[in-house]
Amino acid sequence: MTEDVPRAPERTPDERHAGARTLRVLSVVLPGLVLGTLVASWIVAYEPTSPGRWLWAVDSLVGVAAGLVIASLVVTLLRSHERPAWRTTISCGGALVLAAICVVMFEADKFTAVGLFDQRKPAPLADALQDAADDAAFVAAEFLETGRSGDLPTGSWTSFMGDTVEFEFQWQRNAAGIVAIASPRGAVPKGQDGRSRRRQALPNGMIGVPLDHYMRRFDQTQKARFMSAIVEPFYRSTDSFCRGVLGPIVDWAKAHAGRLPDAATAAKLLADVPTEYRASLPRSIRDDADGSDGSRTPGTSASVGNPRSPDVMLAIQRATYVVTSHAGIFRVVVQCRLETDLLDGGPRSVDGSITLTGTAGGLMGIGRDASGDLDGPFRQAERLLETAKAPTSSERRAPTSGTEGRTSPEPTAPATAK
C-alpha cells in the first residue's frame, strides 16, 4: 500500500500570466539597469575629485552590472519556452554583448581613474620635490640678483590614494650662489622616492640645470605618458643642441681652473661645434607611418633611413658668444633654422634666435617668463614653432655645411644674462 504524496498545487492561468508579465518586465528593465550602472561607474572613475581609494566603488559598480547581466541571461532562458528560438538567440546575444561591455568598462574605468586619458594621476613624489626645489631656487636667485628677500615657498604632494606629504625647504650657500633643497616632512608612502631634491640658484636670477636637462626632463615627466614618442624628437634635438653649443666652452673652462674663454677663443670653440642637430621618431613608429617601399606616406613623418629627412632638425647659422657681468656666467646667442615634420599641415620651417646661458661650472641657466613658466631653450624653440610656416620650394635649401658665418670673432660688450 502506497502513501499518497501531496503534490504542489498547480498554478492557475492568472498566476502563469502574472509570472510571464514579470519576466517580460525584467527582460526590459535589467539591460537598462546594466547600462545605467556602467554609466555610473564611468562617472565615478572620471570625476576629478575622486581619490584613488574610490576605485573599489568603480569595481563594485561594474561587478553589479555583471551580476545584472547574468540575471538578464537567466530571465531570457526562463522565457525561452514561450518565445520563438530566434528571439531567444537574439536576447542571449544581447546579454553576451552586455557582458563584453562590462569587461571593457572594467578596464576603461581603471585607465580613466589612473589618468591614462588625462592627467588625473599625480606626478611621482620625486618630480614634485624637484619642482618644489626649482621654485625655492628661483626665490633664492631673485635674492642673489636684486637683494630682495622673499619667503620660501610652501609645498605638498598628494598621492593617488589621497595621502598628503608636506615639504620643507632649505637654502645653502655655495661658490655658485645658493642651493635650494626640498625634502619631505614625515613618512613617505611606499613605492615613492622621498630623497631630497636640490637646485642651484644663480646670481643672474636663473636656476642652473645639467646640460642634459631636457632628456632628463623627458625621462621623468614625459616618457610614460600616452603618445610620448611624438614629443621625444623635440626633447632630443633640443638636448643635443644645448650640449653641443655649451659643452665646448664648459669643457674649456673646466680645463682652465674655471676661467671662461675670451671672445676670440670662444669663437674658435664654437666654430667646431656641429652645425645640425637632428632627431626622428623611434623606428617602430616610423615603420608604421612609412610606405612599404620606404617612401613617405603623405601627412606622416619622414622616411626611414633617410638622413636628409629628420622629423626635427635645428641648424645653426651663426653663434655669438657673450661675456656677462656675472662671474662665471656666459651666453651664446644662436641664429638658427628650425625644421619639423611633426606638426599638423606638413613640414614646417622657421628662422630665429635661441639664447643659451651657461656657467663655467657646467650648468645651463634657465629663467622664468612673465607667467612663471620655465623659459629656457626648449620654450624658445616652442615659440619659434608657433610662427613656423610651410617652406616654399626656394626656401627648402640644402642643409648648412661648414662653419662660415656661424660665429662672431669680435669681442662683445658685457651683458647681463636674463
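Residues numbered from 1 in each chain as written. Predicted model: local features only at pLDDT ≥ 70, side-chain atom pairs only at ≥ 80, totals over all residues. Heavy atoms only, no water.

(A) Structural detail: the side chain of Ser72. Structurally, Ser72 is set in helix 2 (residues 55–78). The contact partners of Ser72, leaving out residues within four places of it in the chain, are Leu30 and Pro31. (Helix = DSSP H or I, 4+ residues; strand = E, 2+ residues; numbered from the N terminus. Contact = heavy atoms within 4.5 Å.)

(B) Seen up close, helix 5 (residues 213–222). For helix 5, the complete set of buried residues consists of His213, Tyr214, Met215, Phe218, Thr221 and Gln222. Where helix 5 is buried, its residues contact helix 4 (125–146), strand 4 (197–201), strand 5 (207–210), helix 6 (228–255), strand 10 (363–368) and helix 9 (377–386). (Buried < 20%, exposed > 50% of the residue type's maximum accessible area, 1.4 Å probe, protein only.)

(C) Looking closely at the nonpolar core. If you look at the biggest cluster of nonpolar residues, it comprises 62 residues, and the most contacted ones within it are Phe167, Phe241, Val245, Tyr321, Val332 and Val334. The biggest single contributor to this core is helix 4, with ten residues. Those residues in contact with Phe241 that lie beyond four places of it in its chain are Tyr277, Leu314, Ile316, Val334, Ile354 and Leu356. (Core = buried A, V, L, I, M, F, W, Y, C linked by side-chain atoms within 4.5 Å.)

(D) The arrangement of the packing of aromatic side chains in detail. Taken as a whole and judged by the stated rule, the model has six aromatic pairs. Geometrically, the ring pair formed by Phe241 and Tyr277 is edge-to-face, given 5.7 Å between the ring centres and 75 degrees between the ring planes. With Phe241 in helix 6 and Tyr277 in strand 6 (residues 276–279), the pair connects residues that are 36 residues apart, well separated along the chain. For Phe241, a relative accessible area of 0% translates into the label buried. Pairwise contacts between aromatic rings join Tyr214, Phe218, Tyr235 and Phe378 into one cluster. (Phe/Tyr/Trp six-rings, centres within 6.5 Å; stacked < 30°, edge-to-face > 60°.)

(E) Highlighting a nonpolar patch on the surface. Taken together, the side chains of Val25, Val28, Val29 and Leu33 present a nonpolar region at the surface, about 350 Å² in accessible area. Note that Val28 resides in helix 1 (residues 13–46). (Patch = residues over 30% accessible without salt bridge, like charges linked within 9 Å, V, L, I, M, F, W, Y side chains within 5 Å. Areas by Shrake-Rupley, 256 points an atom, 1.4 Å probe, with all protein chains shown as cover. Salt bridge = Lys/Arg side-chain N within 4 Å of Asp/Glu carboxyl O.)

(F) View of the layout of surface pockets. Here the second largest pocket defines a volume of roughly 420 Å³. Along the wall of the second largest pocket there are 23 residues; nearest its centre are Tyr214, Tyr235, Phe378, Arg379 and Glu382. Of the residues assigned to the lining of the second largest pocket, the class counts are 15 nonpolar, four polar and four charged. (1 Å grid on protein atoms, 1.4 Å probe; cavity = no way out; pocket = protein on both sides within 12 Å on 5 of 7 lines; lining within 4 Å. Points joined across faces, edges and corners; volume = space filled by probe spheres on them. Nonpolar A, V, L, I, M, F, W, Y, C, P; charged D, E, K, R; others polar.)

(G) Region of interest: the packing of helix 6 against helix 9. The geometry of helix 6 relative to helix 9 is characterised by a closest axis approach of 10 Å and an angle of 125 degrees between their N-to-C directions. By the angle between their axes, helix 6 is oblique relative to helix 9. For helix 6 against helix 9, the interelement crossing comes out right-handed. Within the contact between the two elements, helix 6 uses Phe234, Tyr235, Thr238 and Cys242 and helix 9 uses Pro377, Phe378 and Leu385. Of the residues belonging to the contact of helix 6 with helix 9, the class tally is six nonpolar, one polar and no charged. (Axes fitted to C-alpha atoms, helices over the stretch in contact; angles between N-to-C directions. Parallel < 35°, antiparallel > 145°, perpendicular 65-115°, else oblique. Left-handed = near helix turned anticlockwise from the far one by under 90°.)

(H) Spatial organisation of the environment of Arg195. Inspection of the secondary structure puts Arg195 in the loop between strand 3 (177–185) and strand 4. Looking at Arg195, the relative accessible area reads 56%, which means it is exposed. It is 6.8 Å that separates the C-alpha atoms of Arg195 and Ser183, two residues lying twelve residues apart in sequence. A distance of 2.7 Å separates the side chain of Arg195 from the side chain of Asp193, its partner in a polar contact. (Polar contact = N/O pair within 3.5 Å; in protein donor to acceptor, adjacent residues only side chain to side chain.)

(I) Unusual backbone geometry, seen in detail. Notably, Ala257 is not glycine yet its phi reads approximately 55 degrees, a positive angle. Structurally, Ala257 is set in the loop between helix 6 and helix 7 (263–271). We classify Ala257 as exposed; its relative accessible area is 82%.

(J) Examining the environment of Gln222 more closely. Along the chain, Gln222 falls in helix 5. Separated by 13 residues in sequence, Gln222 and Tyr235 place their C-alpha atoms 9.7 Å apart. Beyond its immediate stretch of four places on either side in the chain, Gln222 contacts Arg217, Ser228, Val231 and Tyr235.

(K) Inspection of the confidence of the model for the protein chain at higher detail. Per-chain confidence: the protein chain averages 77 in pLDDT, with 73% of residues scoring 70 or above. A low-confidence stretch, residues 114–119 (pLDDT under 50), is modelled with eleven contacts involving residues beyond four sequence positions or located in other chains. In the predicted structure, residues 396–418 sits below a pLDDT of 50 and forms 61 contacts with residues beyond four places in sequence or in another chain. (pLDDT = per-residue confidence, 0-100.)

(L) Summary view of the pairing of strand 4. Counted residue by residue, strand 4 has four buried out of five residues, so it is predominantly covered. Here strand 3 pairs with strand 4 via five bridges, running antiparallel. Bridge pairing in strand 4 places Ala182 opposite Arg197. Two strands pair when backbone bridges link them, and strand 4 and strand 5 are joined in this way by two bridges, in the antiparallel orientation. Opposite Gln200, over in strand 5, you have Gly208 as the bridge partner. (Pairing = 2+ DSSP bridges.)

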